[in-house]
Amino acid sequence: MPTTPASCETLWTHAQLATMREDGNAYGMVNDGAVAINDGEICWLGPSADVPDWVSESAREIVDCRGQLVTPGLIDCHTHLVYGGDRVNEFEQRLKGASYEEIARAGGGIKATVNATREGTAESLYAAARSRLHSLMEEGVTTIEIKSGYGLNTDTEIKMLEVARELGDKNPVDIVTTFLGAHATPPEYAGREDEYIDYLCDETLPLIASLGLADQVDAFCERIAFSTQQVTKIFSVAQRLGLPLKLHAEQLSDSKGALRAANMGALSVDHLEYLAPEDVPVLKAHGTAAVLLPGAFYFLRETKLPPIDALREAGVPMAIASDSNPGSSPVGSLLLMLSMASRYFQLTPEECLAGVTLNAAKALGLDTQAGSLEVGKLANLVLWNITNPAELSYGIGYNPCRKVMYRGSVR
Ligand code: DI6
Ligand code: FE
């Protein structure tokens, strides 16, 4: 039987290839490596000296990386990129002594952004989010998760998710959308939290699922937000609709949300400063990733550290994300999060890079197609102006990103 000869479109050679595959080598490194791309996917990868003839003979474009670092495209697995307005005035209040929780309880905080997001047109929300998106993309981000949660009514939640989808349609980046209706109680339901949850469960979430606007479902489990029982209710509906789960958990206190989410098979639990070390094995048992958000830790001047040693010891995948949002993490740089994760959380540079590649893919359930350089995975690659991957965590405010390939095309 004649077979179609294998061919490839692009070949990058002579790179320090930090594949991030779990092969026992630090960074899954291939020294002086080459990677071949065809039809948006990686079709061959190995030492430059071993490039097979079918690759070198068919490649239409060959890029000599001159010994520089190539990594998988970065993944920001937790953002609130779409929102109206800003919270600069609240920042000033906090500098004069008010706490994040006090401001939230006084009707500011998330609620202020809800008002601005309800008032914003889809066009204005798109324009503001696009500029934030581009800041992240300039550093080699090729996949971004975006949550709703500043609408808190059906129409505005839909508007946010449509804007997020539009960002993915119009920009060379993959967008994963998350329904976060249970982010806060809207003013019209003040004091009637359970009724708000029922509204989300009976009306908003089923409609959003039927429109295909959400890839996953998140909630904020916290004493200023929703209880584990309320979260369980919305998660049960999500499960019935076939949507994967994740949870903002243990950010300000230990309400055992992470345990509940892991027991329900959540892809990730996020924040985790107040997670009890003894609860960590439950995350491991259910394959739930831990998403660390050093930008919020920094911006809220948190001092309680997530249980990093316990997470590491248990082998829970640790992801790092920007949590980009106007209230607790006004962050436009994922690389800065690597610096913060290494300095505040003592993550090694290898853990930091895994946190924005393979482990971030795990937190989104995308690790079969993204997060590492492996044959058959998406051709999302970054060529950096550095040779040692540790420099990505070491530099503060540098952007050594030189070239980004997204699904096989340089953008
Ligand atoms: N935790 C956070 O850090 C963000 N949301 C959440 O559940 C903050 C959102 C905001 O303050 O606007
Ligand atoms: Fe968040």
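Our subject is the structure that appears above.
As the structure is a prediction and not an experimental result, all values here were calculated from the model.

Definitions and limits used
- Residues numbered from 1 in each chain as written.
- Chains lettered and ligands numbered in written order.
- Predicted model: local features only at pLDDT ≥ 70, side-chain atom pairs only at ≥ 80, totals over all residues.
- Heavy atoms only, no water.
- Salt bridge = Lys/Arg side-chain N within 4 Å of Asp/Glu carboxyl O.
- Donors = N, O, S within 2.8 Å, 3.2 Å for Na, K, Ca; no water.
- Tetrahedral: all angles 85-135°; square planar, octahedral: opposite > 155°, others 65-115°.
- Helix = DSSP H or I, 4+ residues; strand = E, 2+ residues; numbered from the N terminus.
- Buried < 20%, exposed > 50% of the residue type's maximum accessible area, 1.4 Å probe, protein only.
- Near = heavy atom within 4 Å.
- Polar contact = N/O pair within 3.5 Å; in protein donor to acceptor, adjacent residues only side chain to side chain.
- Areas by Shrake-Rupley, 256 points an atom, 1.4 Å probe, with all protein chains shown as cover.
- Axes fitted to C-alpha atoms, helices over the stretch in contact; angles between N-to-C directions.
- Left-handed = near helix turned anticlockwise from the far one by under 90°.
- Contact = heavy atoms within 4.5 Å.
- Phe/Tyr/Trp six-rings, centres within 6.5 Å; stacked < 30°, edge-to-face > 60°.
- Lys NZ or Arg CZ within 6 Å of the ring centre and 35° of its normal.
- Pairing = 2+ DSSP bridges.

### Some words on the pattern of salt bridges
Scanning the entire structure with this criterion turns up 18 salt bridges. Between Glu-374 and Lys-377 there is a salt bridge; the shortest N-O distance is 3.8 Å. Here the salt bridges do not stand alone but share partners, grouping Glu-101, Arg-105 and Arg-223 into one network.

### Quick look at the coordination of the iron ion (ligand 2)
Note on the iron ion (ligand 2): its protein donors are His-78 (NE2), His-80 (NE2), His-248 (NE2) and Asp-323 (OD). The metal-donor distances range over 2.1 to 2.2 Å. Angles of 83 to 169 degrees at the metal separate the 4 donor atoms of the iron ion (ligand 2), which places the site in the irregular class. Spacing between the donor residues of the iron ion (ligand 2) along the chain follows H-x1-H-x167-H-x74-D. Of this pair, His-80 sits in the loop between strand S6 (74–76) and helix H2 (88–95) while Asp-323 sits in the loop between strand S13 (318–320) and helix H13 (334–345), placing them 243 residues apart in sequence. Using a relative accessible area of 1% as the deciding quantity, one classes Asp-323 as buried.

### Here's the deal with the site of ligand 1
Taken together, 14 residues sit near ligand 1, with Arg-87, Tyr-100, Tyr-150, His-183 and Ser-328 positioned nearest. Within the side chain of His-183, one N or O atom sits 2.8 Å away from a nitrogen atom of ligand 1. Here a nitrogen atom of ligand 1 sits 2.9 Å away from a polar atom, N or O, in the side chain of Gln-251. Relative to its unbound accessible area of 320 Å², ligand 1 is 100% covered by the protein chains.

### A closer look at the packing of helix H6 (residues 154–170) against helix H7 (residues 193–210)
With their axes 10 Å apart at the nearest point, H6 and H7 run at an angle of 35 degrees to one another. Crossing geometry of H6 relative to H7 is assigned as right-handed. Here Thr-154, Glu-157, Ile-158 and Leu-161 of H6 lie close against H7, whose contacting residues are Tyr-199, Glu-203, Thr-204, Leu-207 and Ile-208.

### Comments concerning the packing of aromatic side chains
One pass over the structure, following the stated rule, counts 9 aromatic pairs. A ring pair is formed by Phe-297 and Tyr-344, whose centres lie 5.3 Å apart and whose planes are at 55 degrees; its orientation type is tilted. Here the residue Phe-297 occupies a position in helix H11 (residues 294–299), and Tyr-344 occupies one in helix H13, the gap between them amounting to 47 residues. A relative accessible area of 35% places Tyr-344 in the partly exposed class. Taken together, Tyr-189, Tyr-196, Tyr-199 and Phe-226 form an aromatic cluster joined through their ring pairs. The ring of Tyr-126 is capped by Lys-170, whose NZ or CZ atom sits 5.3 Å from the centre of that ring. Sitting over the ring of Tyr-274, Lys-304 keeps its end group 5.6 Å from the ring centre.

### Focus on the sheet that holds strand S12 (residues 289–292)
Reading across the sheet, the 8 strands line up as S6-S7-S8-S9-S10-S11-S12-S13 and stay open at both edges, with parallel pairing between neighbours. Pairing within the sheet leaves two strands with one partner each, and these edge strands are S6 and S13. Between one strand axis and the next, the sheet turns by 25 degrees as a mean value, whatever way the strands run.

### Quick word on the pairing of strand S5 (residues 69–72)
Bridge count between strand S1 (residues 10–18) and S5: 2 bridges; the pairing is parallel. Bridging from a neighbouring strand, Leu-17 pairs with Val-70 of S5. Note that S5 and strand S14 (residues 381–384) share 3 bridges and pair antiparallel. Directly across from Val-70, in S14, lies its bridge partner Leu-383.

### Points about the environment of Val-82
Relative to the helices and strands, Val-82 resides in the loop between S6 and H2. Here Val-82 falls in the buried class, since its relative accessible area comes to 0%. Measuring from C-alpha to C-alpha, the distance between Val-82 and Leu-161 comes to 8.4 Å, with 79 residues separating the pair along the chain. Residues contacting Val-82, with those up to four places away along its chain left out, are Leu-125, Ala-129, Arg-132, Ile-146, Tyr-150, Met-160, Val-163, Ala-164 and Leu-167.

### Observations regarding unusual backbone geometry
Excluding glycine, residues mostly carry a negative phi; peptide bonds, for their part, are mostly trans. The phi torsion at Arg-66 lies on the positive side, around 50 degrees, for a residue other than glycine. One can find Arg-66 in the loop between strand S4 (61–64) and S5.

### Observations concerning the environment of Thr-121
When you line up the elements, Thr-121 lands in the loop between helix H4 (110–119) and helix H5 (122–137). Given a relative accessible area of 43%, Thr-121 falls into the partly exposed group. Separated by 42 residues in sequence, Thr-121 and Val-163 place their C-alpha atoms 9.9 Å apart. Among the polar contacts listed, one links the side chain of Thr-121 to the backbone nitrogen of Ser-124, at a separation of 2.9 Å.

### Notes on the environment of Leu-74
Within the secondary structure, Leu-74 sits in strand S6. C-alpha separation for the pair Leu-74 and Leu-353, spaced 279 residues apart in sequence, amounts to 8.5 Å. Excluding residues within four positions of it along the chain, Leu-74 makes contact with Glu-139, Gly-140, Val-141, Thr-142, Thr-143, Leu-334, Leu-335, Leu-353, Val-356, Thr-357, Val-382 and Trp-384.

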